[in-house]
Each structure stands twice: as C-alpha cells, then as structure tokens.
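Structural overview for review
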Amino acid sequence: MEVKIEPSWAAHLQGEFEKKYFKELTTFVKNEYREGAVYPAPANIFRAFDLCPFDKVKVVILGQDPYHGTGQANGLAFAVSGEQVLPPSLQNIFKEIESDLCGGLTSARRDGGLERWAEQGVLLLNATLTVRAHTPGSHQEKGWELFTDAVIKALSEEREHLVFILWGNYAKQKGMHIDRSKHLVLESPHPSPFSAASGFFGSRPFSKTNEYLIAHRETPIDWL
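Residues numbered from 1 in each chain as written. Predicted model: local features only at pLDDT ≥ 70, side-chain atom pairs only at ≥ 80, totals over all residues. Heavy atoms only, no water.

Core analysis: the biggest nonpolar cluster contains 64 residues, and Leu123 and Phe147 have the highest contact counts within it. It is helix H6 (residues 144-158) that contributes the most residues to this core, six residues altogether. The residues contacting leucine 123, other than those within four sequence positions of it, are Trp9, Ala48, Phe49, Cys52, Val57, Val59, Val60, Ile61, Val151 and Leu155. (Core = buried A, V, L, I, M, F, W, Y, C linked by side-chain atoms within 4.5 Å. Buried < 20%, exposed > 50% of the residue type's maximum accessible area, 1.4 Å probe, protein only. Helix = DSSP H or I, 4+ residues; strand = E, 2+ residues; numbered from the N terminus. Contact = heavy atoms within 4.5 Å.)

Here it is as structure tokens:
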C-alpha cells in the first residue's frame, strides 16, 4: 500500500506497509480521525521521518505517545507546536542540556518545536504515532509498536555508530532490538517530573552523544 513518508524511509519500510497488521492499523487510524479529534494532524504523522531521512540519522530519541492536548503534538517526540507552553518533560530536557553543556547557565534555545534537532539527524520517534484527544495511550497496542520496532531494527541492522537515547522503562523495552556492539545506547529514567530526579538529571546524554559522534568522525549535534 502507498504511505506518504519520506522516500528513503519508504524504501526501507515498504515490507511493513504490506503486512496485515499495518493495513489494520491504517483502517483503525482513519476511523479514529473520522470520529473525533486525533493528534497530530494527519499530515504530521510521519513528520519525524520526513525531517530526518534514513541515511541522515545520527541519534534516535524514543518517546511513548504524542501529546494529547489540543494543538500540542507536531509529529516529533517530546516536541510541541508553535507557541505552546513547554510541557514539564521538555522543560526538564532543556534543564539537563543546560546542566550538561552550559554548566547550569540558562543558555539553551528553548524552542519546543525541535525541528532544528531533527534537521541535524536526530530522529524524534514516538513508539505510538497517533493518539485520541485527551486520552493518553488510546492508540497503543493497535500496531504502531510493531511498526516502530521495525524502524529501530532497520536502523540497528543497516546503519553503524548511531546513538539511541532511551528515557524510561517503555523506551528501554524498545532497546531490545538494538545491536549494542555497533551502536551506543544511553538509558536513564524518563524526564517526567515524576522520575527526572531519580537519575535523568545528571545523566549527561547530550555531551555523551556528541563525544561518541566525534569519536566516530561525525559532526556533533548542536543541542543549544
């Protein structure tokens, strides 16, 4: 079946689009959009892929669901649209960037859209790519997880020296598909206010990522 996704990803994932689970998922998602508000907007479902082609990926940051509040989700994990107030998890991500890279000074550009990361090679991937408005987890176990597992497997098998950043137990479970002999995997608690103080703060994922990229002759990410 034809899926509107960036061409390099289409080439690597074409087999998934023909599978029974994906066809059932497509039917489910289309019906959800017809029946009520679903996020992100249909044109942004595969936006993370559109902004970060397969061969340009350097870093993968795994999220869980898109934000379910009105106007928040923009298709990138942890990011928010436009002038939306930064959600607590994203605020904590910027706090860790400032601690990790700026000695605690407030120097990071707090642009919640995160497109500038994606355009540098950061795949901001949610495990589930859609969600019903104001109903977290509503599109889990409908097939998206199988699709995003395939994404991770393709990157793990066909690329080398990527950095996978796994925040929280849900993301860590997705890490079972990563070949750790040829990629760097960074794990910590989730940046949510409920867990950030339990090991996310001080984990230094941003400097560790850049050190690894530089060691493998890749341009580091400008997180600031």
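What the rule picks out here adds up to nine salt bridges. For the salt bridge of glutamate 115 with arginine 47, the shortest nitrogen-to-oxygen distance reads 2.9 Å. With glutamate 115 in helix H5 (residues 115-118) and arginine 47 in helix H3 (residues 47-51), the pair connects residues that are 68 residues apart, well separated along the chain. Take glutamate 115: its relative accessible area is 23%, and that puts it in the partly exposed class. In this structure, glutamate 211 and arginine 204 form a salt bridge, with 4.0 Å as the shortest nitrogen-oxygen distance. Glutamate 211 sits in the partly exposed class, given a relative accessible area of 48%. Taken together, the shared-partner salt bridges connect Asp100, Arg204 and Glu211 into one network. (Salt bridge = Lys/Arg side-chain N within 4 Å of Asp/Glu carboxyl O.)

Further remarks concern unusual backbone geometry. Of note, the bond from tyrosine 39 into proline 40 is cis; its omega dihedral lies within 30 degrees of zero at -5°. The backbone of histidine 161 shows a phi angle near 60°, a positive value even though the residue is not glycine. Along the chain, histidine 161 turns up in the loop between H6 and strand E5 (163-167).

On to the sheet that holds E5. Across the sheet, four strands lie side by side as E3-E2-E5-E6; this open sheet has parallel pairing. Edge strands, defined here as strands with exactly one partner in the open sheet, are strand E3 (122-126) and strand E6 (184-188). Neighbour-to-neighbour, the strand axes of the sheet open up by a mean angle of 20°, direction not taken into account. As defined by bridge partners, strand E2 (residues 59-63) adjoins E3 across five bridges and the pair is classed as parallel. Within E3, the position partnered with valine 59 by the bridge is valine 122. On the sheet, helix H8 (residues 205-215) packs against E2, E5 and E6 and is oriented at approximately 165° with respect to E5. (Pairing = 2+ DSSP bridges. Axes fitted to C-alpha atoms, helices over the stretch in contact; angles between N-to-C directions.)

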